[in-house]
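Working through the structure, step by step
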Amino acid sequence: MTARRWKRYQEEGNEEKGKWSSSEKIFLDLSVTVGLLVLATAISVLFRGLGFRNDNLILVYVTGALLEALLVRIRWSSVFYGAGSVILFNCFFIEPTWTLKVTDKGYIVTFLVMFATSQVISSLMRQVKRAQMQASVKAYRTAVLLENSQRLQQAKTPEEIGRCAAQQLEKLMNVPVYCFLGEPKITVPVTGYIKSDEKNPDLSANEIAVAKWAFRNNRHAGATTDILPGSGGLYLAVRSQEQVFAVVGIRAVEKVPTNFEKDLMLAMLNEAALAFEKEQMQKKNQETALKLQQEQLRGNLLRMISHDLRTPLTSISGNADMLLENEHRLDNETRHQIFLDIYEDSVWLIDLVENLLSVTRIENGTMELHMQSEMVEDVIQESVKRAKRCMNSHTLIVEQEDDLLMARMDAKLIVQVLNNLLNNAVKYSPSGTEIRLCVYEKDHHVFFEVADQGKGIAEEEKDKIFSLFYAGNHPNIDGRRSMGLGLALCKSIVEAHQGRIWVKDHVPRGSIFGFELMAEEVKMI
Ligand code: ADP
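The sections below set out a description of the structure shown in this document.

Let us now look at a negative patch on the surface. A contiguous patch of negative charge on the surface is contributed by Glu401, Asp402, Asp403, Glu441, Asp443 and Glu521. In this structure, Glu401 sits in the loop between β7 (395–400) and β8 (406–409).

So, about the packing of aromatic side chains. According to the stated counting rule, one finds 14 aromatic pairs in the structure shown. A ring pair is formed by Phe89 and Phe93, whose centres lie 5.9 Å apart and whose planes are at 40 degrees; its orientation type is tilted. You can see Phe89 and its partner Phe93 sitting in helix α4 (residues 77–93), four residues apart, about one turn around the helix. The exposure classification of Phe89 matches that of Phe93, with both residues buried. For the ring pair Phe466 and Phe513, a centre distance of 6.3 Å and an interplane angle of 70 degrees mean the geometry is edge-to-face. Taken together, the positions of Phe466 in the loop between β10 (445–451) and α12 (486–496) and Phe513 in strand β12 (residues 511–520) put the pair 47 residues apart, joining distant regions of the chain. Each of the two residues, Phe466 as well as Phe513, counts as buried.

Our focus in this paragraph is the site of the ligand. Within the structure, the ligand sits among 18 residues, and Lys427, Asp452, Ala471, Ser482 and Met483 are positioned closest to it. Measuring from a nitrogen atom of the ligand, one finds a side-chain N or O atom of Asp452 at 2.8 Å. Surface burial for the ligand is 97%, taken as the share of its 550 Å² of free accessible area covered by protein chains. Going through the elements one at a time, α11 (411–427), α12 and β12 are the ones with two or more residues in the shell around the ligand. Of the residues belonging to the shell around the ligand, the class tally is nine nonpolar, seven polar and two charged.

Pairing in this open sheet of five strands is antiparallel, and the strands run β2-β1-β5-β4-β3 from one edge to the other. Only two strands of the sheet have a single neighbouring strand rather than two, namely β2 (194–195) and β3 (221–222). In the sheet, β3 pairs with strand β4 (residues 233–239) via two bridges, with the strands oriented antiparallel. The partner of Gly222 across the bridge, within β4, is Leu234. Seen against the sheet, helix α6 (residues 158–173) touches β1 (177–181), β2 and β5 (244–251) and runs at an angle of roughly 160 degrees to β1.

Omega for the bond connecting Glu95 with Pro96 falls within 30 degrees of zero, at -10 degrees, which places this linkage in the cis form. If you trace the backbone, Pro96 turns up in the loop between α4 and α5 (106–154). With a phi close to 55 degrees, Asn218 is a non-glycine residue in the positive phi region. In this fold, Asn218 is placed in the loop between α7 (205–217) and β3. Although it is not a glycine, Gln498 sits at a positive phi angle of roughly 60 degrees. In this fold, Gln498 is placed in the loop between α12 and β11 (500–505).

With that settled, consider the environment of Val446. Tracing the backbone shows Val446 in strand β10. With a relative accessible area of 0%, Val446 lands in the buried category. Considering only alpha carbons, one finds Val446 and Ser196, 250 residues apart in sequence, at a separation of 49 Å. Not counting residues up to four positions away in its chain, the partners in contact with Val446 are Val376, Leu405, Met406, Ala407, Val439, Tyr440, Glu441, Phe515, Glu516, Leu517 and Ala519.

To continue, consider α11. With 17 residues, α11 ought to run about 24 Å at 1.5 Å a step, and its terminal C-alpha atoms sit 24 Å apart, in line with that. Among the 17 residues that make up α11, 15 are buried, leaving the element largely enclosed by the rest of the structure.

Here the focus is the environment of Glu434. One can find Glu434 in strand β9 (residues 434–442). For Glu434 and Phe111, which are 323 residues apart along the polypeptide, the C-alpha to C-alpha distance reads 118 Å. Discounting chain neighbours no more than four positions away, the residues touching Glu434 are Thr395, Ile397, Ala451, Asp452 and Gln453. Of the polar contacts made by the side chain of Glu434, one reaches the side chain of Arg436; its length is 3.0 Å.

Definitions and cut-offs
- Residues numbered from 1 in each chain as written.
- Predicted model: local features only at pLDDT ≥ 70, side-chain atom pairs only at ≥ 80, totals over all residues.
- Heavy atoms only, no water.
- Patch = residues over 30% accessible without salt bridge, like charges linked within 9 Å, V, L, I, M, F, W, Y side chains within 5 Å.
- Areas by Shrake-Rupley, 256 points an atom, 1.4 Å probe, with all protein chains shown as cover.
- Salt bridge = Lys/Arg side-chain N within 4 Å of Asp/Glu carboxyl O.
- Lys, Arg positive; Asp, Glu negative; His and termini not counted.
- Charge placed at Lys NZ, Arg CZ, Asp CG, Glu CD.
- Helix = DSSP H or I, 4+ residues; strand = E, 2+ residues; numbered from the N terminus.
- Phe/Tyr/Trp six-rings, centres within 6.5 Å; stacked < 30°, edge-to-face > 60°.
- Buried < 20%, exposed > 50% of the residue type's maximum accessible area, 1.4 Å probe, protein only.
- Near = heavy atom within 4 Å.
- Polar contact = N/O pair within 3.5 Å; in protein donor to acceptor, adjacent residues only side chain to side chain.
- Nonpolar A, V, L, I, M, F, W, Y, C, P; charged D, E, K, R; others polar.
- Pairing = 2+ DSSP bridges.
- Contact = heavy atoms within 4.5 Å.
- Axes fitted to C-alpha atoms, helices over the stretch in contact; angles between N-to-C directions.
- Expected span 1.5 Å × (residues − 1).

And the structure:
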């Protein structure tokens, strides 16, 4: 309701400035006044016919004065109505009728009172109307200011803050508003600013130049200011003590803002500047937190590497040294065992280093996927080949439903996932048990599952084991310390492929680790 009244008020303002010419307005108001006089006279004639006295008829004319004050905007029309009502009353109802003569001098006083009453009523009505209008305007402005604060609090990005500031200012001023985030750029065609309303016409390069001046000099410029007053808009810098965040342009051609409106606009823009400042601070905090996290990760990795690399490296160098010193004294079986140990240690080291590299790439956000359509069969073969080298005491069974399965993936990374899952199956299940790798297609997805016959994973651990550095409390079969890298890496890789990874129990014992990727149609050439 308040908004509608304000809108009407604004429209009336516009009418005065061009929509209605002043002669049209006078004609309209006079027509209403004449109409009211005719109506009051007609009702009075009717009342006279019904036998009412003259004082009742005077009240009819006074009521007409009330309506006139309500409906007509030009001030002097009330004088016209007052004079008209006295003349008509005299002409129609005072003896001798149809003349302006007054035989009873007492009626002169009646006429004066009638005229004065209509003037007082009109003046009072106008005051009430003005007060009501001002109250509506005030209420509307308060509502806009409140809404401005609420919307700015919810705005998350600079774009949202800029849009909110422009739209709220448009509501306040009822003229198009533009917001430039950062320094306005003069390009033809002009681009890079937010409009309060999609219907706003575009700005010219000259107007952008004024906005740019306001941004660079951290001052208000354009219409109604001393700087470049010839421009069509008023350009206000949205600024904190140290920085200009944006420039807001308000079209001042149709409606020149009053000083009070300017103050209101500045108050709103100060709030917008606070919102910009808050947003910048949050961004900085996030960056600092990320840096801290990365520092922590680097620290953790360094600690682990230095600790965990020592054991296999010592073992490799010890074994190599023994081969060098005693090469001819060792029997074939012992030599073979030493070669095998060196090989296993070095493969373990390679896997670890690859996982470490991938984890740091993911954490730094530099991991790039080289997605290609791959035959699942090839990926399985590569993983099995690598896994079998370290699988002396387990039996690996591969079950693949369809040899022609294809999926879109970064094959190197998926091999790394399978490698981690197969290595874990070896590490966490006793010698002599079976490890089963099943691959099948269902609902346009390729499913990979690695099932072992180890101790399985407790229900409360199932969520945690995919977190980085979560090592669990499982003793490794090979006695090496768990670093909690492998599964976290698998999860990141699978999710980067828009896939899903999970763990479930393998009945009667052990666990099944599975993941899915989108399947791809096989193209027959
Ligand atoms: P790591 O790289 O050190 O092996 P992972 O992230 O691969 O660490 O595994 C995290 C933890 O999950 C392990 O410490 C272990 O407790 C548990 N885990 C992983 N795979 C299995 C499995 N197949 N059976 C039982 N526990 C497992």
